[in-house]
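An overview of the molecular structure
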Amino acid sequence: VQLQASGGGLVQAGGSLRLSCAASGRTFSGYATGWFRQAPGKEREFVAGIRWSAGIPRYADSVKGRFTASRDNAKNMVYLQMNSLKPEDTAVYYCTADAGIITTTMEISRSWDYWGQGTQVTVSS
């Protein structure tokens, strides 16, 4: 699976962005999809994930109520709607996919096999 993330940019605090991730090579059928982010000098951290078998997204506490993850399996697309952005949301955002993700492993970056190239999100104060 090849993943291509897009939609990042510069936005003021309180603003919104929508990230997209397109998959190619095969369909998302049977795959969990997720989003991670990495800020300068920090480790990559989990943002959101959706299992194939259970379509309810799981979120990091830091983004709950502000971010919404979704997927369109027919289009092989994954989305991350980010509202009420804060300067601490500044990071490179990565989309991920994996066929073997379960709830207890979703927040661990090494659990995911496929990664997009990342898209920069910068939130100014």
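Everything here concerns the structure above.
Rules and cut-offs
- Residues numbered from 1 in each chain as written.
- Predicted model: local features only at pLDDT ≥ 70, side-chain atom pairs only at ≥ 80, totals over all residues.
- Heavy atoms only, no water.
- Helix = DSSP H or I, 4+ residues; strand = E, 2+ residues; numbered from the N terminus.
- Rg over C-alpha atoms; globule rule 2.2 N^0.38 Å.
- Buried < 20%, exposed > 50% of the residue type's maximum accessible area, 1.4 Å probe, protein only.
- Phe/Tyr/Trp six-rings, centres within 6.5 Å; stacked < 30°, edge-to-face > 60°.
- Lys NZ or Arg CZ within 6 Å of the ring centre and 35° of its normal.
- Disulfide = S-S within 2.5 Å.
- Pairing = 2+ DSSP bridges.
- Core = buried A, V, L, I, M, F, W, Y, C linked by side-chain atoms within 4.5 Å.

Across its full length, the protein chain holds zero helices and 11 strands. The N-to-C order of helical and strand elements in the protein chain reads β-β-β-β-β-β-β-β-β-β-β. In summary, the protein chain has a C-alpha radius of gyration of 13 Å against a globular reference of 14 Å for 125 residues, a match within 12%. Projected onto its principal axes, the C-alpha positions of the protein chain cover 40 × 25 × 25 Å. Burial analysis of the protein chain (125 residues in total) assigns 44% to the buried set.

A complete count under the given rule lists five aromatic pairs for this structure. With a centroid separation of 5.2 Å and 55° between ring planes, the pair formed by Phe36 and Trp115 is classed as tilted. Of this pair, Phe36 sits in strand β4 (residues 32–38) while Trp115 sits in strand β10 (residues 114–115); the two residues are 79 residues apart in sequence, bridging distant segments of the chain. Where Tyr94 meets Trp115, the ring centres are 6.2 Å apart and the plane angle is 75°; that geometry is what we call edge-to-face. Taken together, the residues Tyr94 in strand β9 (residues 91–98) and Trp115 in strand β10 connect sequence positions 21 residues apart. Residue classification places Trp115 among the partly exposed positions, given a relative accessible area of 25%. Put simply, the rings of Phe36, Phe46, Tyr94, Trp112 and Trp115 touch in pairs and so form one group of aromatic residues. Positioned over the ring face of Tyr79 is Arg18, at 4.0 Å from the centre of the ring. Directly above the ring of Tyr94 sits Arg44, whose terminal nitrogen or CZ lies 3.9 Å from the centroid.

Here the focus is the state of the cysteines. In total, this model carries one disulfide according to the counting rule given. Shown here is the disulfide that connects Cys21 with Cys95, its sulfur atoms set 2.1 Å apart. Between Cys21 and Cys95, the disulfide has an S-S torsion of 60° and is therefore right-handed. Pair noted here: Cys21 is in strand β3 (residues 17–24) and Cys95 is in strand β9, with a separation of 74 residues, a long-range link. Cys21 gets classed as buried once you look at its relative accessible area, which sits at 1%.

Let's shift gears to the pairing of β9. Across the eight residues of β9, seven count as buried, placing the element largely inside the fold. As defined by bridge partners, β4 adjoins β9 across seven bridges and the pair is classed as antiparallel. Residue pairing for β9: Trp35 is matched across the bridge by Cys95.

A few words on the nonpolar core. Grouped together as the largest cluster of nonpolar side chains are 36 residues, with contacts concentrated most on Leu3, Trp35, Val47, Phe67, Leu80, Met82 and Tyr93. Those elements giving two or more residues to this core turn out to be β1 (2–6), β3, β4, β5 (45–50), β7 (67–72), β8 (77–82), β9 and β11 (119–124).

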